Amino acid sequence: MRSIIEMAPLQVYYSALLFTPGSSLIRGGYLQNIPWVIMEPRVADVWSSLIQTLEGHTDIVFSAVFSPDGKLVASASYDHTVRLWDTSTGKQCGVLEGHTGLVKMTVFSPDGKLVASVSKGKRVRLWDTSTGKQYGVLEGHTDSVSSAVFSPDGKLVASASGDKTVRLWDVSTGKQYGVLEGHTNYVSSAVFSPDGKVVASASYDKTVIVWDTSTGKQCGVLEGHTDPVNSAVFSPDGKLVASASNDKTVRLWDTSTGKQCGVLEGHTKVVNSAVFSSDGKLVASASWDETVRLWDTSTGKQCGVLEGHTGNVRSAVFSPDGKLVASISYDTKVRLWDTSTGKQCGVLEGHTGNVYSAVFSPDGKRVASASGDETVRLWQTSTGKQCGVLESHTDCVNSAVFSPDGKLVASTSYDNTIRLWDPSTGKQRGVLEAHLSWVVNSAAFSPDGKLVVSASLDARVRLWDTSTKKQCGVLEGHTDCVNSAVFSPDGKLVASASRDKTVRLWDTSTGKQYGVFEGHTDQVYSAVFSPDGRLVASASRDKTARLWDTSTEKQCGVLEGHTAHVYSAVFSPNGKLVASASWDKTVRLWDTTNQTTIEIIKTHDIIKIMKFSSDGTHLHTSHGILPLSSPLHSGGNQELAHTLSHSLYVTDQWITCNMKKLLWLPVECRLSCAAVNDTGNLIVIGSLSGRVTFISIDFTALPAAYLQPPVNITVIPGRGFLRYKFPCWLFKALIN
């Protein structure tokens, strides 16, 4: 928790202690009841082996390596930089800038004074770690360089390349010293033996070749992998080589005989790299299965699984003393792990893959979450505990939705099916199969719950009877992928949005096409009916939302102003407003009468899902609640209306209240999707890590500062700029 304590010290009594494991003496001794937290997030009983997460890169991190003294970590990223980190504090202590493309890997010289980095091009760059300045450029390869490494004495650099060669370079002069030729495919990595006399290179030709550095000749070919080999590394005594492959294994080889002496099996996907500990007793392997695994080299058995990354793990490396492992991932994070425990939290029930959607049941008593782990999980909102696991999908589940009466859940998956579930028993009630593509994009219930409509990559919309579980209609006409489909308020029509740039209306009783709305110049992501069914609003990649008259089938408005794709649009309860959400990280409110913008809300996030509250004063979004200030909100369902006086919203690392930072979220609880209950005091956060976090707030017990109205940003009619209504100090903070 060091990073948040240094950033915002008062959070030690909120987030730091709130998310500390249950058996922690610190938690027990210092965490008193926080009066405004009604429901605390569920936490692990004990600390995991994860020590620190190093945040700062803005894109995929491709490699990380310790300095020889273990005091620094250098990481290479697609954000074009190499960053240096202090391992004791986790602070960034240097940024090496100069690459014009993604940086694939970096490595320290034996004395720690230089760093070599490899980018997307054909060069290797050398950097002075004390000044951060470029020391030299090694040029000569005819294809992209995949890796580079210093010799044990620091006098040479060996680089591997897509040109099927390994090249040796003199560090002092920057000149080429030798070319090692023999591989028949891309060379993925090269590494020196501890004595510097040989080099081992791994290749996509499924072999590892060992070379004599003095003569440049081959002295052994290690064959056995059944797929491309991504990396090879020597043990500290030089007696073994470990190789990592796309065949999901790490293999150990005896360098004296060239024979295979072990196969380390356990990963479920491609193994990107493997590395020995300083004493040679352990091997750490990094894989696309999002884990780092530790292996005992004497027995070949797995002795630890380091879980926490939310993307493919590209590489892992031991610290010089063997006490730490640093791992890097496509999730943009570098993580430090304690090798002595090798433990995972393991006590929290939950998803093991990214959570793609979370939705409340109509009565608000349950939440359904859909995940890449092929399951839908049900949670009690009163306790935050899991109350059901819906299992039978055979691939990623991308969405789940409750029927209007809450008695069914429909889930869509990459396995080409929609499945119906009874949330009270957790049993499967039906499998809806007929789509011709491997991805079903969305499913929606009819207002009476008797039908389900599904949209798929197969360019078709299908209707299903929920009582018989049989297909009752195939709506054909689109010429490309259908992104979404939705019923009209009376259930008589379906509107479908497609990559073919059209919105189509269908008669649910006959299955015939009722109308085609043409006008968008790029694919349409979504379409939605107005409350009276007279209009349809569509959102498109062409940066516009459009309004269509269902009776005349004509366009009656183009809502222009967004600077990026418009992902979704939704009508207010009285139909007078449309809210549109865009990749430009804004939500715009439009007057449907004259198609003008009346309010712009800068969200700092891409909103994909939203709906108006019943009184039209707030937007429930995939990140939480956004308050609105437009005077046109009146006219909603006043009987059901409730005025939300405060709003919970998740942005970046924080849960906010009225757009003021309230609770910091540790990395494993960061948002991939969110849902807020109708009363606005319970927020559910689905994370890339698979965790589902419930936090309920008592607004009456919050400090007064949080209860002030949120930042209000409105458009001044007739002028081309925004008026910001908030204190000067907050304006400066936002700018910073």
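Just so we're clear, the structure is a prediction, and the values are computed from it rather than from any experiment.

### Looking at the nonpolar core
Ranked by internal contacts, the top residues of the largest apolar core, which has 26 residues, are Trp36, Ile655, Leu662, Ile683, Ile697 and Leu702. Only helix 2 (15-18), strand 57 (648-651), strand 58 (654-657), strand 59 (660-664), strand 60 (671-676), strand 61 (682-687) and strand 62 (692-697) provide two or more residues apiece to this core. In terms of residue count, strand 60 provides more of this core than any other element does, three residues in total. Beyond its immediate chain neighbours, meaning those up to four positions away, Ile655 contacts Leu648, Tyr649, Val650, Lys660, Lys661, Leu662, Leu663, Leu665, Ile683, Ile685 and Ile695.

### Points about the sheet that holds strand 43 (residues 493-498)
By way of backbone hydrogen bonds, the strands of a sheet pair with one another, either parallel or antiparallel. What the four strands build is an open sheet, ordered 42-43-44-45; its pairing is antiparallel. Two strands lie at the open edges of the sheet, namely strand 42 (482-487) and strand 45 (513-518), each paired on one side alone. Mean inter-strand twist for the sheet, computed between neighbouring axes without regard to direction, equals 20 degrees. The pairing of strand 42 with strand 43 spans five bridges and is classified as antiparallel. When the bridges of strand 43 are listed, Phe487 appears paired with Val494.

### A short note on the environment of Phe694
Take Phe694: it is sitting in strand 62. A C-alpha to C-alpha distance of 29 Å links Phe694 and Gly304, two positions 390 residues apart in sequence. Those residues within four positions of Phe694 in sequence are excluded, and the remaining contacts are Met39, Glu40, Pro41, Val367, Trp379, Gln380, Thr381, Gly384, Leu682, Ile683 and Val684.

### Here's the deal with the pairing of strand 43
If a strand is regular, its side chains alternate between the two faces of the sheet. Within strand 43, six of the six residues are buried, which leaves it mostly tucked inside the rest of the structure. What you see with strand 43 is no split at all: Leu493, Ala495 and Ala497 on one side and Val494, Ser496 and Ser498 on the other are buried throughout. Across five bridges, the pairing between strand 43 and strand 44 (residues 502-507) is antiparallel. The residue of strand 44 that forms the bridge with Ala495 is Leu505. Counted along the chain from strand 43 to the antiparallel partner strand 44, the turn is three residues long, and its residue Lys501 has a positive phi close to 80 degrees.

### Looking at the side chain of Ser369
The topology assignment puts Ser369 in strand 31 (residues 366-371). Exposure remark for Ser369: the relative accessible area of 0% places this residue in the buried category. At 2.9 Å, the side chain of Ser369 and the side chain of Trp379 are in polar contact. Ignoring sequence-local partners within four residues, the contact set of Ser369 consists of His351, Val355, Ser357, Ala358, Thr375, Val376, Arg377, Trp379 and Val692.

### Structural notes on the pattern of salt bridges
Per the counting criterion, the structure on display carries 17 salt bridges. Across the pair Arg429 and Asp422 runs a salt bridge whose closest N-O atoms are separated by 3.5 Å. Residue Asp542 is joined to Arg546 by a salt bridge in which the shortest nitrogen-to-oxygen separation is 3.5 Å. The two residues Asp542 and Arg546 agree in class, both being buried.

### Considerations on the state of the cysteines
Covalent bonding between the sulfur atoms of two cysteines defines a disulfide. Counted according to the given criterion, the structure contains zero disulfides. The cysteine Cys396 is free of any disulfide, with Cys673 supplying the nearest cysteine sulfur at 12 Å.

### Let's talk about the confidence of the model for the protein
Of the residues in the protein, 93% have a pLDDT of 70 or more, and the chain-wide mean is 86. No element of the protein has a lower mean pLDDT than strand 64 (residues 722-725), at 32, and none a higher one than strand 47 (residues 535-540), at 97. Contacts from residues 712-736, a stretch scored under 50 in pLDDT, to residues over four places away or in other chains number 27 contacts.

### Some thoughts on a nonpolar patch on the surface
Taken together, the side chains of Tyr13, Ile26 and Tyr30 make up a nonpolar region of the molecular surface, amounting to roughly 360 Å² of accessible area. For Tyr30, the location among the structural elements is in helix 3 (residues 25-30). Note on Tyr30: relative accessible area 51%, which makes it exposed.

### Section: the pairing of strand 59
The sheet contact formed by strand 58 and strand 59 spans four bridges and is antiparallel. In the sheet register, Cys657 faces strand 59, and the bridge partner there is Lys660. Linking two consecutive strands that pair antiparallel, namely strand 58 and strand 59, is a turn of two residues; a positive phi of about 50 degrees is found at Asn658 within it.

### What to know about the packing of aromatic side chains
Evaluated as defined, the whole model comprises six aromatic pairs. Ring centres of Tyr14 and Trp36 lie 5.0 Å apart, and the angle between their planes is 75 degrees; this geometry places the pair in the edge-to-face category. Of this pair, Tyr14 sits in the loop between helix 1 (2-7) and helix 2 while Trp36 sits in the loop between helix 3 and strand 1 (37-39), and the two are 22 residues apart along the sequence. Under the relative-accessibility criterion, Trp36 is labelled buried at 3%.

### Concerning the environment of Ala410
Secondary-structure assignment places Ala410 in strand 35 (residues 409-413). Accessibility expressed as a relative area gives 1% for Ala410, which makes it buried. Each C-alpha atom, one on Ala410 and one on Val578, is 27 Å from the other, the two residues being 168 residues apart in sequence. Apart from residues no more than four positions distant in its own chain, Ala410 is found in contact with Ser399, Ala400, Val401, Ile418, Arg419, Leu420 and Phe445.

Rules behind the numbers
- Residues numbered from 1 in each chain as written.
- Predicted model: local features only at pLDDT ≥ 70, side-chain atom pairs only at ≥ 80, totals over all residues.
- Heavy atoms only, no water.
- Core = buried A, V, L, I, M, F, W, Y, C linked by side-chain atoms within 4.5 Å.
- Buried < 20%, exposed > 50% of the residue type's maximum accessible area, 1.4 Å probe, protein only.
- Helix = DSSP H or I, 4+ residues; strand = E, 2+ residues; numbered from the N terminus.
- Contact = heavy atoms within 4.5 Å.
- Pairing = 2+ DSSP bridges.
- Axes fitted to C-alpha atoms, helices over the stretch in contact; angles between N-to-C directions.
- Polar contact = N/O pair within 3.5 Å; in protein donor to acceptor, adjacent residues only side chain to side chain.
- Salt bridge = Lys/Arg side-chain N within 4 Å of Asp/Glu carboxyl O.
- Disulfide = S-S within 2.5 Å.
- pLDDT = per-residue confidence, 0-100.
- Patch = residues over 30% accessible without salt bridge, like charges linked within 9 Å, V, L, I, M, F, W, Y side chains within 5 Å.
- Areas by Shrake-Rupley, 256 points an atom, 1.4 Å probe, with all protein chains shown as cover.
- Phe/Tyr/Trp six-rings, centres within 6.5 Å; stacked < 30°, edge-to-face > 60°.

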